[in-house]
Amino acid sequence: MALHLRSSFSSKSTLLNILRHNLGFGSRSHVTRHIRQILPHDPPLRGSQNPISRLCNTMAEPETLSSFVQHEYANNHQVMDFPGGKVAFTPEIQFISESDKERVPCYRVLDDNGQLITNSQFVQVSEEVAVKIYSDMVTLQIMDNIFYEAQRQGRLSFYATAIGEEAINIASAAALTPQDVIFPQYREPGVLLWRGFTLQEFANQCFGNKSDYGKGRQMPVHYGSNKLNYFTVSATIATQLPNAVGAAYSLKMDKKDACAVTYFGDGGTSEGDFHAALNIAAVMEAPVLFICRNNGWAISTPTSDQFRSDGVVVKGRAYGIRSIRVDGNDALAMYSAVHTAREMAIREQRPILIEALTYRVGHHSTSDDSTRYRSAGEIEWWNKARNPLSRFRTWIESNGWWSDKTESDLRSRIKKEMLEALRVAEKTEKPNLQNMFSDVYDVPPSNLREQELLVRQTINSHPQDYPSDVPL
Ligand SMILES: Cc1ncc(C[n+]2csc(CCOP(=O)(O)OP(=O)(O)O)c2C)c(N)n1
Ligand SMILES: [K+]
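The protein chain goes by 2-oxoisovalerate dehydrogenase subunit alpha 2, mitochondrial in UniProt, where it is assigned to Arabidopsis thaliana. The record in UniProt for the protein chain states the following under Catalytic activity: "N(6)-[(R)-lipoyl]-L-lysyl-[protein] + 3-methyl-2-oxobutanoate + H(+) = N(6)-[(R)-S(8)-2-methylpropanoyldihydrolipoyl]-L-lysyl-[protein] + CO2". For the protein chain, the Subunit comment in UniProt is given as "Heterotetramer of alpha and beta chains."

What follows is the structure in structure tokens.
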């Protein structure tokens, strides 16, 4: 818009023409006559401190235009029809403040202790759904802990946990339908879990064995499932956002009862792709949910080094997108916000932005030691005071839907299943080396064939450096 304004007003006569046109005046003399009629006694503003006269001095007819513009600014009842709607005039030099006095409030249903807040609005969940939400949050946490330990033991090359962000993962997934298409970052495996990805499938991917759908060509935790409408994770931050908008637009054209949903972190909002995606989604009216997990840290970069706005939620409005800030550690609030957002996105064919406030309790990944840049006390506080699992558990317990016995049964069953999945995945053969070079080109180009030849020659001359479990 700034560009548009600048170019529109670059010529003096253009401004005059726009003003004339928008007030329905035909000729210049007509404008002058009309102004004189309605403005007989308005004192003219004077002096170089008057920005309006400075503007007008550069115009072809300073006298006429000056009083004309002054009148417009002085009269609150007049508006300018401008692309995008009517714009009111103001006589004050008023800059839009860089921040509101009050930060955008955060929607929550359960308080820190898991007690239902009086008069809170939320979408009712059945016992069955609530129990599955809680069970999947527990499963995700157990899976994360076991995989993390396996990596520390040197059995996996890499891992990243979603610890602290279980409610965002599971409760948002619960509010969607299987037809909604997911464009994830790497910290939302819970969405896959909710949709039925098995612990064995997770383990196969992390070990890159021959049952992995990516044939071992991705880093661990870069899951994907065609069957479950979950696009494969791309490590390159925020690239999934424009992809999601494209998919949403396609759902719109096909008149599908579904939306696209993309997840990203606060760090991702510093990427150009975030801004491009929000803008095009708004303009194309694409049914897409942008779910930002604002967890305070992008590896070692705190949000204060990422942006100076009131977080992420306010950026939605700047692009003309309806937005909400949610307590990401309150599963019931997350479920209700996503459920409501999904309905609006599909019914009204529009994008929605959800900023979920949360905290990354785990290290960024197994390549990170987060106590190098944040205090152990900060981590502990979030884990204890705002724990998404214990808050939701309190609520389902208060409904009579959960007990200590169901908790311990679930935990021991999942732990057993997880360890078994790990054992099987580790034992399963790796994909053949040839897979590194297939599935992209119908006929591999010469440079790819050269690379394959070089790899094979290198393995032949240094067999001791090649992993013995990868078939040649
Ligand atoms: C384009 C790009 N730049 C840098 C990186 C390196 N990198 C990997 S994860 C990460 C932090 C991302 O933080 P955020 O988006 O907030 O997600 P979080 O890890 O906190 O869930 C960075 C900088 C990358 N993968 N891609
Ligand atoms: K982050």
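This is not the end of the story, as more comes after the structure.
S.K.: Which residues make up the pattern of salt bridges, and what values go with them?
M.R.: Counted by the stated rule, this structure contains 28 salt bridges. One salt bridge in this structure joins D81 and K86, with 3.2 Å as the shortest N-O distance. For the salt bridge of R217 with D439, the shortest nitrogen-to-oxygen distance reads 2.9 Å. You can see R217 sitting in the loop between α9 (199–207) and α10 (240–253) and its partner D439 sitting in the loop between α16 (404–427) and α17 (446–461), a full 222 residues away along the chain. With relative accessibility at 36%, the residue R217 sits in the partly exposed group.

S.K.: Break down unusual backbone geometry for me, citing the residues and quoting the values.
M.R.: If you check the backbone angles, I299 has positive phi at about 50° while not being a glycine. With respect to the element layout, I299 can be found in the loop between β6 (297–298) and β7 (301–302). Using a relative accessible area of 41% as the deciding quantity, one classes I299 as partly exposed. You will see that D439, though not glycine, has its phi angle at about 75°, which is positive.

S.K.: So what's going on with the UniProt feature "binding site: K(+)" in the protein chain? Residues and values would help.
M.R.: Here the UniProt-annotated "binding site: K(+)" positions come out as S234, T239 and Q240. By secondary structure assignment, the location of T239 is in the loop between α9 and α10. The class for T239 is partly exposed, based on a relative accessible area of 24%. When sequence neighbours within four positions are dropped, the list of residues in contact with T239 reads S234 and D273. For T239, the side chain forms a polar contact with the main-chain oxygen of T236, separated by 2.9 Å. As for its placement among the helices and strands, Q240 is situated in helix α10. On the basis of relative accessible area, Q240 is assigned to the buried category, the value being 5%.

S.K.: Tell me about the site of ligand 1, and name the residues and values.
M.R.: With respect to spatial proximity, 17 residues lie near ligand 1, and among them Y186, R187, A235, G267 and R293 are the closest. Interatomic distance of 3.0 Å between a side-chain N/O atom of Q185 and an oxygen atom of ligand 1. Protein contacts shield 73% of the accessible area of ligand 1, which totals 590 Å² for the unbound molecule. Classifying every residue of the shell around ligand 1 by side-chain character gives six nonpolar, seven polar and four charged.

S.K.: Break down the coordination of the potassium ion (ligand 2) for me, with residues and values.
M.R.: Protein-derived ligands of the potassium ion (ligand 2) are D266 (OD), D266 (OD), N295 (OD1) and W297 (O), with the metal-ligand distances lying across 2.4 to 3.0 Å. One can describe the site at the potassium ion (ligand 2) as irregular: its six donor atoms subtend angles covering 45 to 175° at the metal. Along the chain, the residues that donate to the potassium ion (ligand 2) are spaced as D-x28-N-x1-W. With a gap of 29 residues between them, D266 in the loop between β4 (260–265) and α11 (272–284) and N295 in the loop between β5 (288–294) and β6 connect regions that are remote in the sequence.

S.K.: Describe the domain arrangement of the protein chain, naming the residues involved and giving the relevant values.
M.R.: Looking at the assigned domains, one finds that the protein chain contains domain 1 (127–427) and domain 2 (433–465). One C-alpha centre belongs to domain 1, the other to domain 2; they are set 35 Å apart.

S.K.: Please give an account of the packing of aromatic side chains that cites residues and values.
M.R.: Taken as a whole, this structure holds 14 aromatic pairs when the rule is applied. Centre to centre, the rings of Y134 and W402 are 5.0 Å apart; their planes meet at 75°, and the pair counts as edge-to-face. Of this pair, Y134 sits in helix α6 (residues 127–152) while W402 sits in the loop between α15 (388–398) and α16; the two residues are 268 residues apart in sequence, bridging distant segments of the chain. Classification of W402 by relative accessible area gives buried; the value is 9%. For the ring pair F202 and Y223, a centre distance of 4.9 Å and an interplane angle of 85° mean the geometry is edge-to-face. Here F202 is found in helix α9, whereas its partner Y223 is found in the loop between α9 and α10, with 21 residues between them in sequence. Each member of the pair F202 and Y223 is classed as buried.

S.K.: Any details on the sheet that holds strand β8 (residues 322–327)? Residues and values, ideally.
M.R.: The strand order across the open sheet formed by five strands is β3-β4-β5-β9-β8, and the pairing between neighbours is parallel. Bordering the open sheet on either side are β3 (181–183) and β8, each of which pairs with just one other strand. Neighbour to neighbour, the strand axes of the sheet diverge by 20° on average, direction disregarded. Bridge count for β5 against strand β9 (residues 352–357) is six bridges, and the pairing is parallel. Residue pairing in the sheet places R293 in a bridge with A356 of β9. Strands in contact with helix α7 (residues 166–174) are β4, β5 and β9; relative to β5, the strand with the most contacts, it is inclined by about 160°.

S.K.: Which residues make up the pairing of strand β2 (residues 85–88), and what are the values?
M.R.: Two elements, strand β1 (residues 79–82) and β2, share four bridges in a ladder whose sense is antiparallel. Residue M80 lies in a different strand from β2, and its bridge partner there is V87. Hairpin geometry of β1 and β2 is characterised by an intervening segment of two residues between the two adjacent antiparallel strands and by a positive phi of about 110° at G84.

Conventions we followed
In this numbering scheme, every chain counts its residues from 1 along its sequence in written order. Chains and ligands are labelled sequentially in the order written, the chains with letters from A and the ligands with numbers from 1. Local features in this predicted model are restricted to residues of pLDDT 70 or higher, and side-chain atom pairs are both shown and tallied only at a pLDDT of 80 or more, whereas totals for entire chains, interfaces and linings draw on every residue. Based on all heavy atoms of the structure, the side-chain values leave hydrogens and waters out of the count. UniProt positions are given in the numbering used here, feature names are shortened, and annotations may be inferred rather than shown by experiment. Every case where a carboxyl oxygen of Asp or Glu lies within 4 Å of a side-chain nitrogen of Lys or Arg is listed as a salt bridge. Each helix corresponds to a stretch of at least 4 residues labelled H or I by DSSP, and each strand to a stretch of at least 2 residues labelled E; elements are numbered beginning at the N terminus. When a residue's accessible area, from a 1.4 Å probe over protein chains only, is under 20% of the maximum for its type it is buried; when over 50% it is exposed; and in between it is partly exposed. Residues count as neighbours in contact if any of their non-hydrogen atoms are within 4.5 Å of one another. Contacts described as polar in this section are N or O atom pairs within 3.5 Å, which, within protein, must combine one atom able to donate a hydrogen with one able to accept it, while residues neighboring in sequence count only if both atoms come from side chains. If a single non-hydrogen atom of a residue is within 4 Å of a molecule or strand, that residue counts as near it. Note that accessible areas follow from Shrake-Rupley with a 1.4 Å probe, and for residues the cover is restricted to the protein chains shown. Three classes are used, and their members are as follows: Ala, Val, Leu, Ile, Met, Phe, Trp, Tyr, Cys and Pro are nonpolar, Asp, Glu, Lys and Arg are charged, and the others, Gly among them, are polar. The donor set comprises N, O and S atoms within 2.8 Å of the metal, extended to 3.2 Å for Na, K and Ca; water molecules are omitted, so apparent gaps in a site may simply reflect that omission. Tetrahedral means four donors with every angle between 85 and 135 degrees, whereas square planar (four donors) and octahedral (six donors) require angles over 155 degrees between opposite donors and between 65 and 115 for all others; sites fitting neither are termed irregular. Here the bounds of each domain stem from an automatic or database domain assignment. Each aromatic pair joins two rings of Phe, Tyr and Trp (for Trp, the six-membered one) with centres within 6.5 Å, and gets the label stacked for planes under 30 degrees apart, edge-to-face for over 60, and tilted for any other angle. One bridge is not enough; two strands pair if DSSP finds at least two bridges between them. Here an angle of 0 to 180 degrees is reported between the N-to-C directions of two axes, which are lines fitted to C-alpha atoms, with helices fitted over the stretch in contact.

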